Amino acid sequence: MTVSRFGKPRLPTHDVEVSQAHSHDWSAVAVSTLGFVGIDIEVWRPLANCRQLACQVMTDQEARVFEGIPSELTVRKFMELWTRKEAVLKCAGLGLRQDPRGLHTGWDEPAVQFGDVQYYLNALPVCGQLVGHLASHAPQKIIMRSLPSQLDAWPK
């Protein structure tokens, strides 16, 4: 495995793209032979400074929508938007070296434009307090796998 100058892992001899994420006790890995891929997950948790964090990562348009979200949903919605942005930035090979305010993902658009490239976003299945997104250059079939020991944690 090699790592790009921005820290993105790659298996060059097999032309396999890899993206990884972790939050608390959870890990996620995305693997693609069809093109670039990015994944991000976050465990939902209370954030006392959620609105302050929002100002540091949201475009003006995203922030206007965020202001109208009921307070009981702000942290969850913030984390959903955050994982959308980070998945795209990882797919682009930049990670958080790019200011997330320069990337407009919106809240539920299936595809976003960043630079000259279109990125397709897929929400990962909600698993308890886990939020996540997968980004790729092409709308392709997504196959989800988990370790057998974790299957009991997935909602039925």
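Structure first, text after, so check above.
Residues numbered from 1 in each chain as written. Predicted model: local features only at pLDDT ≥ 70, side-chain atom pairs only at ≥ 80, totals over all residues. Heavy atoms only, no water.

In this section: the pairing of strand S3 (residues 16-23). Regular strands place their side chains on alternate faces of the sheet. Extensive coverage of S3 is indicated by the burial of six of its eight residues. Direction of pairing for S3 relative to strand S4 (residues 26-32): antiparallel, over a ladder of seven bridges. Directly across from Ser23, in S4, lies its bridge partner Trp26. Between S3 and S4, which pair antiparallel and follow one another directly, the connecting turn spans two residues, one of which, His24, has a positive phi of 55°. (Buried < 20%, exposed > 50% of the residue type's maximum accessible area, 1.4 Å probe, protein only. Helix = DSSP H or I, 4+ residues; strand = E, 2+ residues; numbered from the N terminus. Pairing = 2+ DSSP bridges.)

What follows concerns the sheet that holds strand S5 (residues 37-43). Strand order in the open sheet formed by four strands is S5-S8-S7-S6, and the pairing between neighbours is antiparallel. The sheet terminates laterally at S5 and strand S6 (111-114), the two strands that pair on one side only. Averaged over all neighbouring strand pairs, the angle between strand axes comes to 25°, with direction disregarded. Relative to strand S8 (residues 130-136), S5 is paired through seven bridges, and the arrangement is antiparallel. (Axes fitted to C-alpha atoms, helices over the stretch in contact; angles between N-to-C directions.)

Looking now at the packing of aromatic side chains. For the coordinates displayed, the defined rule picks out two aromatic pairs. Measuring from ring centre to ring centre gives 6.1 Å for Phe66 and Trp107, while their planes differ by 5°; the resulting arrangement is stacked. Of this pair, Phe66 sits in helix H2 (residues 60-67) while Trp107 sits in the loop between helix H3 (74-91) and S6, and the two are 41 residues apart along the sequence. Take Phe66: its relative accessible area is 1%, and that puts it in the buried class. Judged by its relative accessible area of 18%, Trp107 is buried. Residues Phe114 and Tyr119 carry aromatic rings whose centres are separated by 6.4 Å and whose planes lie at 50° to one another, so their mutual orientation is tilted. Owing to a relative accessible area of 4%, Tyr119 belongs among the buried residues under this scheme. (Phe/Tyr/Trp six-rings, centres within 6.5 Å; stacked < 30°, edge-to-face > 60°.)

Before going further, it helps to spend a moment on the environment of Gln113. Checked against the element boundaries, Gln113 lands in strand S6. A relative accessible area of 49% places Gln113 in the partly exposed class. In the structure, Gln113 is positioned ten residues away from Leu103 in sequence and 8.4 Å away in space, judged by C-alpha atoms.

At a minimum axis separation of 10 Å, helix H1 (residues 50-57) and H3 run at an interaxial angle of 25°. Considered as vectors, H1 and H3 are oriented roughly parallel to each other. Crossing geometry of H1 relative to H3 is assigned as left-handed. Here Cys50, Arg51, Leu53, Ala54 and Val57 of H1 come into contact with H3, specifically with Thr74, Val75, Phe78, Trp82 and Lys85. For the contact of H1 with H3, the per-class residue count stands at seven nonpolar, one polar and two charged. (Parallel < 35°, antiparallel > 145°, perpendicular 65-115°, else oblique. Left-handed = near helix turned anticlockwise from the far one by under 90°. Contact = heavy atoms within 4.5 Å. Nonpolar A, V, L, I, M, F, W, Y, C, P; charged D, E, K, R; others polar.)

What you tend to see is this: most non-glycine residues have negative phi, and most peptide bonds are trans. Phi is positive for His24, which is not a glycine, with a value near 55°. Here His24 is to be found in the loop between S3 and S4. Overall, the relative accessible area of 57% leaves His24 in the exposed class.

This brings us to the pattern of salt bridges. All told, the structure shown has nine salt bridges when counted by the stated rule. Of the charged contacts in the structure, one is a salt bridge between Glu42 and Arg45, with a shortest N-O distance of 3.4 Å. Looking at Glu42, the relative accessible area reads 13%, which means it is buried. A salt bridge links Lys77 to Glu80; its shortest N-O distance comes to 3.3 Å. Of this pair, Lys77 and Glu80 are both found in helix H3, three residues apart, which corresponds to roughly one turn of the helix. Overall, the relative accessible area of 29% leaves Lys77 in the partly exposed class. Taken together, the shared-partner salt bridges in this structure form one network comprising Asp40, Glu86 and Lys90. (Salt bridge = Lys/Arg side-chain N within 4 Å of Asp/Glu carboxyl O.)

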